[in-house]
Number of protein chains: 2
Amino acid sequence: MPIQGPKGTRDFYPEDMAFQQFMFDSWHKSCRLYGFEQYEGPMFEHLDLYTQKSGDEIEKQLYSFEDKGGRTIALRPELTPTLARMAAAKGTNLKRPVRWYSICRLFRYERMQKGRLREFIQLNMDILGIEDVSADAELIAAAVDMMRAFGFDDTDFKARVSSRTMLEELFLLCGVERDQLKPLYALLDKKGKMSGDDFSRELEGIVNKEDIRGKINDMFNCGCIDDIERFAGTLGSSPPQIASLDQLKKLFALIDSYGLSDYLVFDIGIVRGLAYYTGIVFELFDVRGNLRAIAGGGRYDNLVGLYGGPPTPAAGFAAGDVVLGELLKSKSLAPPPPPRSDVFLISIDSGASAAIINTAQQLRAAGISCEFSLKDNQNVGKQLKSADSARSRCALFIGGDEAKNGQFRLKNLITGKEELINISEIDRVLRGMF
Amino acid sequence: MPIQGPKGTRDFYPEDMAFQQFMFDSWHKSCRLYGFEQYEGPMFEHLDLYTQKSGDEIEKQLYSFEDKGGRTIALRPELTPTLARMAAAKGTNLKRPVRWYSICRLFRYERMQKGRLREFIQLNMDILGIEDVSADAELIAAAVDMMRAFGFDDTDFKARVSSRTMLEELFLLCGVERDQLKPLYALLDKKGKMSGDDFSRELEGIVNKEDIRGKINDMFNCGCIDDIERFAGTLGSSPPQIASLDQLKKLFALIDSYGLSDYLVFDIGIVRGLAYYTGIVFELFDVRGNLRAIAGGGRYDNLVGLYGGPPTPAAGFAAGDVVLGELLKSKSLAPPPPPRSDVFLISIDSGASAAIINTAQQLRAAGISCEFSLKDNQNVGKQLKSADSARSRCALFIGGDEAKNGQFRLKNLITGKEELINISEIDRVLRGMF
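All values derive from a computational prediction rather than experimental measurement.

Reading guide: rules and limits
Residues numbered from 1 in each chain as written. Chains lettered and ligands numbered in written order. Predicted model: local features only at pLDDT ≥ 70, side-chain atom pairs only at ≥ 80, totals over all residues. Heavy atoms only, no water. Helix = DSSP H or I, 4+ residues; strand = E, 2+ residues; numbered from the N terminus. Rg over C-alpha atoms; globule rule 2.2 N^0.38 Å. Buried < 20%, exposed > 50% of the residue type's maximum accessible area, 1.4 Å probe, protein only. Contact = heavy atoms within 4.5 Å. Areas by Shrake-Rupley, 256 points an atom, 1.4 Å probe, with all protein chains shown as cover. Lys, Arg positive; Asp, Glu negative; His and termini not counted. Charge placed at Lys NZ, Arg CZ, Asp CG, Glu CD. Least-squares fit on C-alpha atoms with pLDDT ≥ 70 in both. Axes fitted to C-alpha atoms, helices over the stretch in contact; angles between N-to-C directions. Parallel < 35°, antiparallel > 145°, perpendicular 65-115°, else oblique. Left-handed = near helix turned anticlockwise from the far one by under 90°. Phe/Tyr/Trp six-rings, centres within 6.5 Å; stacked < 30°, edge-to-face > 60°. Lys NZ or Arg CZ within 6 Å of the ring centre and 35° of its normal. Buried area = accessible area lost by both parts, 1.4 Å probe. Salt bridge = Lys/Arg side-chain N within 4 Å of Asp/Glu carboxyl O. Polar contact = N/O pair within 3.5 Å; in protein donor to acceptor, adjacent residues only side chain to side chain. Nonpolar A, V, L, I, M, F, W, Y, C, P; charged D, E, K, R; others polar.

Within chain A, the secondary structure is distributed over 16 helices and 16 strands. Here chain A has a C-alpha radius of gyration of 28 Å; the compact-globule value for 434 residues is 22 Å, and the former is much larger. Its C-alpha atoms give chain A principal-axis dimensions of roughly 95 × 55 × 50 Å. For chain A, the proportion of its 434 residues judged to be buried stands at 55%. Summarising the internal contacts of chain A: among those between residues at least 6 apart in sequence, 67% fall at separations of at least 24. Element-wise, carbon and sulfur atoms account for 47% of the exposed surface of chain A, whose accessible area totals about 18,200 Å². The average position of the 55 basic charges and that of the 60 acidic charges among the side chains of chain A differ by 4 Å.

One can find A:Thr9 in the segment before α1 (14-33). Judged by its relative accessible area of 15%, A:Thr9 falls in the buried class.

Mapping one chain copy onto the other needs a rotation about an axis and a shift along that axis. Once turned by 180° and shifted 0.0 Å along the axis, chain B lies on chain A with an RMSD of 0.1 Å. Accordingly, the operation relating the two chain copies is best matched by a two-fold axis. Looking at the rotation axis and the C-alpha trace of chain B, the residue lying nearest is B:Phe65, at 3.1 Å. Looking at chain B, 100% of its interface residues are interface residues in chain A too, so the copies touch through the same face.

All names here are of chain A. At a minimum axis separation of 10 Å, helix α13 (residues 354-365) and helix α16 (residues 426-433) run at an interaxial angle of 50°. The pairing of α13 with α16 is recorded here as oblique in orientation. Crossing geometry of α13 relative to α16 is assigned as right-handed. Note on element contacts: α16 touches α13 through Ile 426, Asp 427 and Leu 430, opposite Thr 359, Gln 362 and Leu 363.

Taken as a whole and judged by the stated rule, the model has 31 aromatic pairs over all chains. Ring geometry for A:Phe171 against A:Tyr185: centres 6.2 Å apart, planes inclined by 55°, an arrangement best described as tilted. Here the residue A:Phe171 occupies a position in helix α5 (residues 164-174), and A:Tyr185 occupies one in helix α6 (residues 181-190), the gap between them amounting to 14 residues. Overall, the relative accessible area of 0% leaves A:Phe171 in the buried class. For A:Tyr185, a relative accessible area of 10% puts it in the buried group. Between the aromatic rings of B:Phe157 and B:Tyr263, the centroid separation amounts to 5.0 Å while the plane-to-plane angle is 35°, which identifies the pairing as tilted. One end of the pair, B:Phe157, is in strand β7 (residues 157-163); the other, B:Tyr263, is in the loop between α10 (243-257) and β8 (264-266), with 106 residues separating them in the sequence. Assigned by exposure class, B:Phe157 and B:Tyr263 land together as buried. A cation sits over an aromatic face here: A:Lys329 above A:Phe19, 4.3 Å from the ring centre. Here the basic side chain of B:Arg364 rests over the ring of A:Tyr34, its NZ or CZ set 3.6 Å away from the ring centre.

Moving on to the interface of chain B and chain A. If you look at the interface, chain B gives 92 residues, while chain A gives 92 residues. Summed over both partners, the interface of chain B with chain A comes to about 8,000 Å²; 59% of that surface belongs to carbon and sulfur atoms. In terms of surface lost to chain A, no three residues of chain B exceed B:Ile3, B:Arg340 and B:Leu374, which account for 10% of the buried area on that side. Where chain B packs against chain A, one counts 14 salt bridges. The partner of A:Arg364 in a salt bridge is B:Glu138, and the shortest N-O contact between them spans 2.8 Å. Scanning the region where chain B abuts chain A turns up 44 residue pairs in polar contact (both at pLDDT 80 or more). Considering every element that reaches the side of chain B that touches chain A, the biggest residue donor is helix α1 (residues 14-33) of chain B, with six residues. Grouping the amino acids of the side of chain B that touches chain A by side-chain chemistry returns 41 nonpolar, 21 polar and 30 charged.

This is the structure:
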């Protein structure tokens, strides 16, 4: 009975890895187009790094353990704390703005359910050092363009945006107490997944004054920024004194300059569970299917300071590989696995003979990927079968009568076309093919 | 006081990551030239996977822990067990030969000393399904060519090779008992690091017959394959009945066909500590400096079977990022970090205005990486300073009198050269530059 891999993890056989690599290559390219630099951190951190940011509760969702030196360690569940720690460590020596990205493995100890994994991969993009909403706009544009680069358009996904600052300002204008804010964010975060009755009941549990609950319900019914403006007017603020609303308006104007208005939707229900967001929050979600989140992020101006660094405005987002992978597969947007080699050398006379190895080395030195059968005296049919398994683009037949005439026969394994090539010209001919 | 990362781990800031990425890109390229496909596995496995292969002792060197479901988990200290598990799981459905590579993070809980890290990265290349020494030759050639691709030659490194089967055959011919083999391998493995006296003392502890110790000492003084052949003759075997010697001879002949004879050295002292090697073993080592191991590997024909898979001949090697990184730096073989962006857009009139964003999107859509200042109303001098920090290749000045004439000024930030470009032609001109 073969040993199995741990629950919630994946084995990436070459065909799976080719698919992952296709995603990663596109991510790298998108990030570079936007002028982002890659960074990485350790696969685990001191547990404190996560509890300081998210509270002790977070430990339940982590792989945490004591190492042999008695330190409490956790496999990283997200990369932002590592980023903020690294930025804090450099202090004022870090040249701003920082435009960093990473393609990173992450770990969460979650109850197993469909589509949830305990080990997964994320693209992270962050800008540090910019207070202005221009950074939020650049990140939303980068996230949208990352998806467009795969071939998705606004019939596939949208970016839903809101503002944590605006939510706070509006809640306070409604008459909510400060200590009610956190439970209200949590309730709003799960509003989409609950019935109207359940929502009302939970809201009653947080806010006992009926008139305030009425205002909150009106607020939650705002479907666009104009609605928010009108709603704020009903609260007696005219023109409404909501600074964060101007920010949101500027964000929409900027995204219009990026030519991406069709992707941006205001949605007051976007909260992004984590407590540390401090401004604009956003989420890319799948329009079809189950409206799953493809990416999410926002502004977190306090985190670098929390870790002992200088005050540092910051914003970023993360996109996971699992939902994106499913979307790519459902729309057949990923190419088939590439050939394992360009050329499979086939021996007519004998096995891995000197002539085969010489030719292989000559081609490899010329930048042409090639392989050959490592079994002695395999017949040509079996060698061709191996070339097929390797998805090689062509077969080069070494030896036989052709070799005596200074030529090798080349067979294109995709078209089936054959031709004779002078041995002295094989580098040139093959290089021209790929 | 900023929080620090865990001991023995590294933070890869963009300049460090650019260096890592240079190594990884070269590794990917070398592997593809040899027709290897990439695979990956989970970052942790059930502890059993490692103790079944290496014994319970191995746990001391691992990050192991109980997860919340009561399973004993270990961060992977090497990738070969994962590879063998994956091969075993596919059973006879796996098309052979397998030619797989991986660039993987690994973890060892080691006492901290110079050059030792608890988290590091390895290139792994493995061939499964080939019994013949042709697979060992292909792997040694791939390892040597991986190093040559960086610009190292035979004055920098050599491949030392031996055979575990041959060691066993010779030890038995010397009159050693089977149960003395393991301690003898362990002793031979550390011979290079101990004094002659210490070695003699330890050898006496294992083998009590003086004549056998004499033969072992003669055996250890063999400096080449001819010496081995002569030595075997003195044991009464003439012609020597050592099958593994023919294998080694074939290996040297094959490496000669690869044109890599100058790199290959026979060294009876190469054992490769791990108990599971079953044939040829080899090591790439730094000729200068401290003769450090750059890569190491060998044949392990029993591992896939041990994990419940079908009998599967197998061979592979691993190369770490730490020693290689130091060698690259000492020989200045790595390029400087690449530009963060090709073009930095500089606003003459105002901040991240619509014109800047429009131009950025136009260039990015044309595959040109670009960025701009995200701060409103920054003066041109400060924007140029940002372009400098970003190591951008050129600055494109948007706005001003030139724009009124339908032109933008382009400054090459490497040569300092400036030119005027018609706005309608910027995609074409810039694409031609990069």
